[in-house]
Amino acid sequence: MAEGAHVVIIGGGAIGTSIAYHLARAGCADVVLLEQGTVGAATTSKAAGGIRAQFGTETEIWFSLRSIEFFSRFREEMGADCGYRQVGYLYLLTSLELVEEHRRRVALQNRLGVPSRLIPPEDVVEIVPEVRVDDVLAAAWCPTDGYASPHEVVQAYVAQARRRGVRVLEGVRVTGLEVADGRVRAVLTNQGRFEASHVVNAAGPWAGEVGAMAGLHIPIMPRRRHIFVTDSFPWIKHPTPLVADLGSGFYFRSDQDRVLMSPGDEGVVPDYEAAVDWSILPELVEKAVRRVPVFERAAIKTAWAGLRPLTPDGRAIVGRAPGFENFWLAVGFCGHGFQHSPAAGLVMAELILKGTAPVDLTVLSPERFRSQPPPAWELAPD
Ligand SMILES: Cc1cc2nc3c(=O)[nH]c(=O)nc-3n(C[C@H](O)[C@H](O)[C@H](O)COP(=O)(O)OP(=O)(O)OC[C@H]3O[C@@H](n4cnc5c(N)ncnc54)[C@H](O)[C@@H]3O)c2cc1C
């Protein structure tokens, strides 16, 4: 016998669990979330937790501002602490192209109320004295950017969604979609069939596979990225902001008295393989020591890797699936799906329940890959 719900969500990462929570908060608790493994254990658990408003489009900045509001009132709304800290994001710009692009972005961000600014290299060393700036032309600095704990955020989405009646089912793998007349009629799983009025694809790196079950091509490219964490590192003043060297992709930030760092890699891997590949360590060390010479003294304590669900233009895909009435996409959040999850949940709940979004979604529209070649990749390394 089939089970049923008003909304079935496929995928229990930051995006799927936020949609479940926001639907329930808006009064729709007849929701089933299907997660093949454990909620929050896939890409979301690998995120560095970074939260920034330094984006390049009005829509994405709107997502950031709504999400930052949510993280700021997290304890009050969610009854838990997500470790939200506003330590700032500092983008080091080493070419004229990067400076010009960030000048444009900062102007847009300022117009929308984000307190970002371009600063000269002398000011960079005021903020992080250990950074080498002899090749830095300028930096984009936003003191209200920061980070939080993806684990705490997802656990709170799930707890609050369940409290309102949402069914969150773990160990349930979606294996097929029953499609007829432009509608997904049912979701087929290893534990039976679920009928739904609305079906949401929030399957992160696997979203292309789930789309294919309905005959859709969704351009999601799972790409592996590593994070390394040092042992206690007293040779730098903590807490540092998140510092990203946009020329090389390298970034780091404090993790209490340790340093979390990434080479900014985008590895092509077979079969969703996300194990750590230690052969990338020399690349990390080279980039790290070139930018912050004192990192020569660092000892790496631990490392992990995860699959970022990239898209051809570096932007998420949000909205109704082309050709469908009741199949929704909240996928391809690249390197910013954790931080944009609050706004993504809010937007998806409104789309499903009211049929309209609170923001213009044109730049994130699923239709954009049908009509035009993708624009250039985003510059931000996430
Ligand atoms: C190293 C690294 C650093 C990052 N740093 C940041 C950062 O600082 N800030 C930030 O905002 N983002 C960051 N990200 C990106 C962020 O992690 C992702 O954008 C975000 O987690 C995507 O969330 P999601 O819910 O779409 O995907 P996921 O968390 O992967 O969730 C998708 C879920 O769908 C489930 N699923 C898939 N197929 C099926 C199926 N057939 N049936 C049932 N369930 C299914 C999966 O098991 C999974 O749990 C980083 C990512 C990496 C790898």
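Residues numbered from 1 in each chain as written. Predicted model: local features only at pLDDT ≥ 70, side-chain atom pairs only at ≥ 80, totals over all residues. Heavy atoms only, no water.

Side note on the site of the ligand
Then comes step 1: Neighbouring the ligand are 37 residues; Glu35, Thr44, Gly50, Cys334 and Gln339 lie closest to it.
Then comes step 2: Taking Ala14, its main chain carries an N or O atom lying 3.2 Å from an oxygen atom of the ligand.
Then comes step 3: Between the ligand and the protein, one listed contact pairs a nitrogen atom with a backbone N or O atom of Gly335 at 3.0 Å.
Then comes step 4: Relative to its free-state accessible area of 1000 Å², the ligand is covered by the protein chains to the extent of 99%.
Then comes step 5: Within the residue set of the shell around the ligand, elements represented by two or more residues are helix H1 (14-25), strand S2 (31-35), strand S12 (221-230) and strand S17 (300-310).
Then comes step 6: The greatest single-element share of the shell around the ligand, amounting to three residues, is contributed by S17.
Then comes step 7: Of the residues belonging to the shell around the ligand, the class tally is 18 nonpolar, 14 polar and five charged.
Then comes step 8: Both domains that meet at the shell around the ligand, namely domain 1 (3-50 + 150-220 + 312-371) and domain 3 (222-308), each give it at least three residues. (Near = heavy atom within 4 Å. Polar contact = N/O pair within 3.5 Å; in protein donor to acceptor, adjacent residues only side chain to side chain. Areas by Shrake-Rupley, 256 points an atom, 1.4 Å probe, with all protein chains shown as cover. Helix = DSSP H or I, 4+ residues; strand = E, 2+ residues; numbered from the N terminus. Nonpolar A, V, L, I, M, F, W, Y, C, P; charged D, E, K, R; others polar. Domains from an automatic or database assignment.)

Focus: the packing of H1 against helix H6 (residues 150-163)
Then comes step 1: Contact geometry for H1 and H6: axes closest at 8 Å, N-to-C directions at 30 degrees. By the criterion of interaxial angle, the relationship of H1 to H6 is roughly parallel. Between H1 and H6 the crossing geometry is left-handed. Contact with H1, carried on its side by Ala14, Thr17, Ser18, Ala20 and Tyr21, involves Val154, Tyr157, Val158, Gln160 and Ala161 of H6 and no other residues of that element.
Then comes step 2: Residue composition of the contact of H1 with H6, by class: seven nonpolar, three polar and no charged. (Axes fitted to C-alpha atoms, helices over the stretch in contact; angles between N-to-C directions. Parallel < 35°, antiparallel > 145°, perpendicular 65-115°, else oblique. Left-handed = near helix turned anticlockwise from the far one by under 90°. Contact = heavy atoms within 4.5 Å.)

Re the nonpolar core
Then comes step 1: By size, the foremost hydrophobic cluster in this structure holds 56 residues, and its most contacted members are Ile9, Phe63, Val200 and Met348.
Then comes step 2: Leaving out residues up to four positions away in the same chain, Val200 has contacts with Val7, Val8, Ile9, Ile10, Ile19, Trp328, Met348 and Ile352.
Then comes step 3: Membership of the second largest hydrophobic core comes to 26 residues, among which are Val32, Ile220, Ala321 and Leu329. (Core = buried A, V, L, I, M, F, W, Y, C linked by side-chain atoms within 4.5 Å. Buried < 20%, exposed > 50% of the residue type's maximum accessible area, 1.4 Å probe, protein only.)

Some details on the pattern of salt bridges
Proximity of charged atoms lets side chains of opposite charge pair with each other.
Then comes step 1: In total, this model carries 26 salt bridges according to the counting rule given.
Then comes step 2: Between Arg111 and Glu58 there is a salt bridge, and its shortest N-O distance comes to 3.3 Å. Here Arg111, found in helix H4 (residues 96-111), pairs with Glu58, found in helix H2 (residues 58-72); they are 53 residues apart in sequence, far enough to count as distant.
Then comes step 3: What makes Arg111 exposed here is its relative accessible area of 57%.
Then comes step 4: The partly exposed category is assigned to Glu58, whose relative accessible area is 42%.
Then comes step 5: We note a salt bridge from Glu325 to Arg183, for which the minimum N-O separation is 2.9 Å. With Glu325 in the loop between strand S18 (317-320) and strand S19 (327-331) and Arg183 in strand S10 (residues 183-189), this residue pair connects regions lying 142 residues apart in the sequence.
Then comes step 6: A network of salt bridges, in which partner residues are shared, links Arg132, Asp134, Asp135, Asp245 and Arg291. (Salt bridge = Lys/Arg side-chain N within 4 Å of Asp/Glu carboxyl O.)

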